Amino acid sequence: MDHADRRRAGIMTPTHFLSISDLRRVELEACLRLAGEMKAARAAGTRHVRPLEDRHVALLFEKPSLRTRSTFQVAVHELGGHVIELPPEVALGGREPIADVARNLERWVFAAIVRTFAHARLEEFAAAAPRLRLVNALTDAEHPCQALADCLTMQERWGTLRGRTVAFVGDGNNVARSLAQAVTMLGATLRIASPEGYELQDEHRAPIAAEADAAGGRLELMRDPVAAVDGADAVYTDVWTSMGQEAEDAERRVIFAPYQVNSNLMAAAGDGALFMHCLPAHRGDEVTDEVIDSEASVVYDQSENRLHTQKALLALLAQ
Ligand code: CP
Ligand code: NVA
């Protein structure tokens, strides 16, 4: 049996979390369940498990971050571990090869939380340090930690995602891809409405659709934002210009203008539809103040749940 077979058979827990697809459905569900328990314990002021006692976790961030960095710092601390922050100039590949950075860290720390550009850099890092727990804190391709928090937020509102419809309006980017993997794995439909040329990329669709089928979920890509939100239980958007794409900003503002989530678009969604955004939001661009500050908005619940889901994820990886 190779590693993938042993994972599928449930013999191994994941070593790395580069993608939602590194988790089997039962593990995703277990992670969300544990996150809910940890959230309740924290609110009650009771101590939960501390699986990182006397362990160190390195943070390497090559792009800015408020939420991911802060929540991992707090998460590691609350799980009994210690964070070491690595400055970007020693991070991935500038001073020495990525594989050498990984082989060094593997000798010192339990886990590395990495935010970088090309997803392949994380894969190279993971291959060089198989004993290290590696967590994707966002790449150009995926943002799986965000999707964990998003799913917990929806579960809290609905009990289960099974049978629900989530509409993602905008760029078929890293956040959209991880959301698609997670939401469909939990039995919901994800519709993504994007302008031509900004759809979820072809090579990412087939594996998501295959997992979705197995779980009773669906992935639907479309052009029209009004059709996407029609009857949806949640409307999700993200920035039009992701980190690293700043040179395209002027062009993207024009192309994405019809995809703004405003009161008219929310009115076309189902009664009681939630508004979701991973943050940071560019208010007045992809979402209006009126929507993000409305009763429908759960964006700060999503942000809070980054902490609880990442604590649960680290606990799972520490098993
Ligand atoms: N949503 C999110 O990942 O936020 P940061 O970029 O601030 O970490
Ligand atoms: N798509 C955005 C998400 C930020 C959390 C980016 O990559 O910049």
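Residues numbered from 1 in each chain as written. Chains lettered and ligands numbered in written order. Predicted model: local features only at pLDDT ≥ 70, side-chain atom pairs only at ≥ 80, totals over all residues. Heavy atoms only, no water.

K.L.:
Please explain unusual backbone geometry as it appears in this structure.
P.N.:
A negative phi holds for most residues other than glycine; trans holds for most peptide bonds. A cis amide bond, omega 10 degrees, links Leu-279 with the succeeding residue Pro-280. Looking at the secondary structure, you find Pro-280 in the loop between strand 9 (274-277) and helix 12 (289-292). The phi dihedral of Asp-54 is positive, around 65 degrees, even though this residue is not glycine. Along the chain, Asp-54 turns up in the loop between helix 2 (25-44) and strand 1 (56-61). (Helix = DSSP H or I, 4+ residues; strand = E, 2+ residues; numbered from the N terminus.)

K.L.:
What should I look at first to understand the pairing of strand 4 (residues 133-136) in this one?
P.N.:
A regular strand places its side chains so that they alternate between the two faces of the sheet. Burial of strand 4 is two-sided: the residues Arg-133 and Val-135 facing one way and the residues Leu-134 and Asn-136 facing the other way are all buried. Inspection of the sheet shows strand 3 (residues 111-115) paired to strand 4 by 4 bridges, in the parallel sense. Bridging from a neighbouring strand, Val-114 pairs with Asn-136 of strand 4. This β-α-β element, strand 3 to helix 5 (residues 119-128) to strand 4, shows right-handed connectivity. (Buried < 20%, exposed > 50% of the residue type's maximum accessible area, 1.4 Å probe, protein only. Pairing = 2+ DSSP bridges. Right-handed = clockwise from strand over helix to strand, strands pointing away.)

K.L.:
Can you walk me through the pattern of salt bridges in this structure?
P.N.:
It is possible for side chains bearing opposite charge to pair when their charged atoms get close. Under the defined criterion, the tally for this structure stands at 21 salt bridges. With its nearest N and O atoms 3.1 Å apart, the salt bridge here joins Arg-121 to Glu-62. Highlighted residues: Arg-121 in helix 5 and Glu-62 in the loop between strand 1 and helix 3 (67-78), separated in sequence by 59 residues. A salt bridge links Asp-289 to Arg-283; its shortest N-O distance comes to 2.9 Å. For Asp-289, a relative accessible area of 42% gives the class partly exposed. A single salt-bridge network, built from bridges that share partners, covers Arg-42, Glu-78 and Lys-311. (Salt bridge = Lys/Arg side-chain N within 4 Å of Asp/Glu carboxyl O.)

K.L.:
Sorry, what's going on with the site of ligand 2 here?
P.N.:
Neighbouring ligand 2 are the residues Leu-138, Asn-173, Asn-174, Val-175, Asp-238, Val-239, Ser-242, Met-243 and Leu-279. For ligand 2, a nitrogen atom lies 2.6 Å from a polar atom in the side chain of Asp-238. Residue Ser-242 places a side-chain N or O atom 2.7 Å away from a nitrogen atom belonging to ligand 2. Considering ligand 2 on its own, with 270 Å² of exposed area, one finds that the protein chains cover 94% of that surface. For the shell around ligand 2, the per-class residue count stands at 5 nonpolar, 3 polar and 1 charged. (Near = heavy atom within 4 Å. Polar contact = N/O pair within 3.5 Å; in protein donor to acceptor, adjacent residues only side chain to side chain. Areas by Shrake-Rupley, 256 points an atom, 1.4 Å probe, with all protein chains shown as cover. Nonpolar A, V, L, I, M, F, W, Y, C, P; charged D, E, K, R; others polar.)

K.L.:
Looking at this structure, how should I read the sheet that holds strand 2 (residues 82-86)?
P.N.:
Two strands in a sheet stick together by hydrogen bonds in their backbones, pointing the same way (parallel) or opposite ways (antiparallel). Ordered by their spatial adjacency, 4 strands build an open sheet running 2-1-3-4, and the pairing between neighbours is parallel. Here the strands that pair on one side only, and so sit at the sheet edges, are strand 2 and strand 4. The average angle at which neighbouring strand axes cross in this sheet is 20 degrees, direction not considered. (Axes fitted to C-alpha atoms, helices over the stretch in contact; angles between N-to-C directions.)

K.L.:
Quick question: what am I supposed to make of the packing of helix 2 against helix 6 (residues 144-158) here?
P.N.:
The description of two packed helices rests on the angle between their axes and on the distance between the axes. Running from N to C, helix 2 and helix 6 cross one another at 70 degrees; their axes reach a closest spacing of 10 Å. With respect to helix 6, the element helix 2 is oriented roughly perpendicular. Judged by the sense of rotation from one axis to the other, the crossing of helix 2 with helix 6 is right-handed. Judged by residue contacts, Leu-28, Cys-31, Leu-32, Ala-35, Gly-36 and Lys-39 of helix 2 engage Leu-148, Cys-151, Leu-152, Gln-155 and Glu-156 from helix 6. Among the residues making up the contact of helix 2 with helix 6, the classes are represented as 7 nonpolar, 2 polar and 2 charged. (Parallel < 35°, antiparallel > 145°, perpendicular 65-115°, else oblique. Left-handed = near helix turned anticlockwise from the far one by under 90°. Contact = heavy atoms within 4.5 Å.)

K.L.:
Help me understand the packing of aromatic side chains, please; the structure alone is not making it clear to me.
P.N.:
Two numbers describe a pair of aromatic rings. These are the distance of the centres and the angle of the planes. Throughout the structure, instances matching the rule amount to 4 aromatic pairs. Ring geometry for Tyr-198 against Phe-256: centres 5.1 Å apart, planes inclined by 65 degrees, an arrangement best described as edge-to-face. With Tyr-198 in the loop between strand 6 (189-193) and helix 8 (202-215) and Phe-256 in helix 10 (residues 249-256), this residue pair connects regions lying 58 residues apart in the sequence. Pair check on accessibility: Tyr-198 and Phe-256 agree, each one buried. Between the aromatic rings of Phe-256 and Tyr-259, the centroid separation amounts to 6.3 Å while the plane-to-plane angle is 70 degrees, which identifies the pairing as edge-to-face. (Phe/Tyr/Trp six-rings, centres within 6.5 Å; stacked < 30°, edge-to-face > 60°.)

K.L.:
For this particular structure, what's the right way to read the site of ligand 1?
P.N.:
Within the structure, ligand 1 sits among Ser-65, Leu-66, Arg-67, Thr-68, Arg-115, His-143, Gln-146, Cys-278, Leu-279 and Arg-306. In the model, an oxygen atom of ligand 1 is placed 2.6 Å from a nitrogen or oxygen of the Ser-65 side chain. In the environment of ligand 1, an oxygen atom lies 2.7 Å from a nitrogen or oxygen atom belonging to the side chain of Thr-68. Tallied by class, the residues present in the shell around ligand 1 amount to 3 nonpolar, 4 polar and 3 charged.

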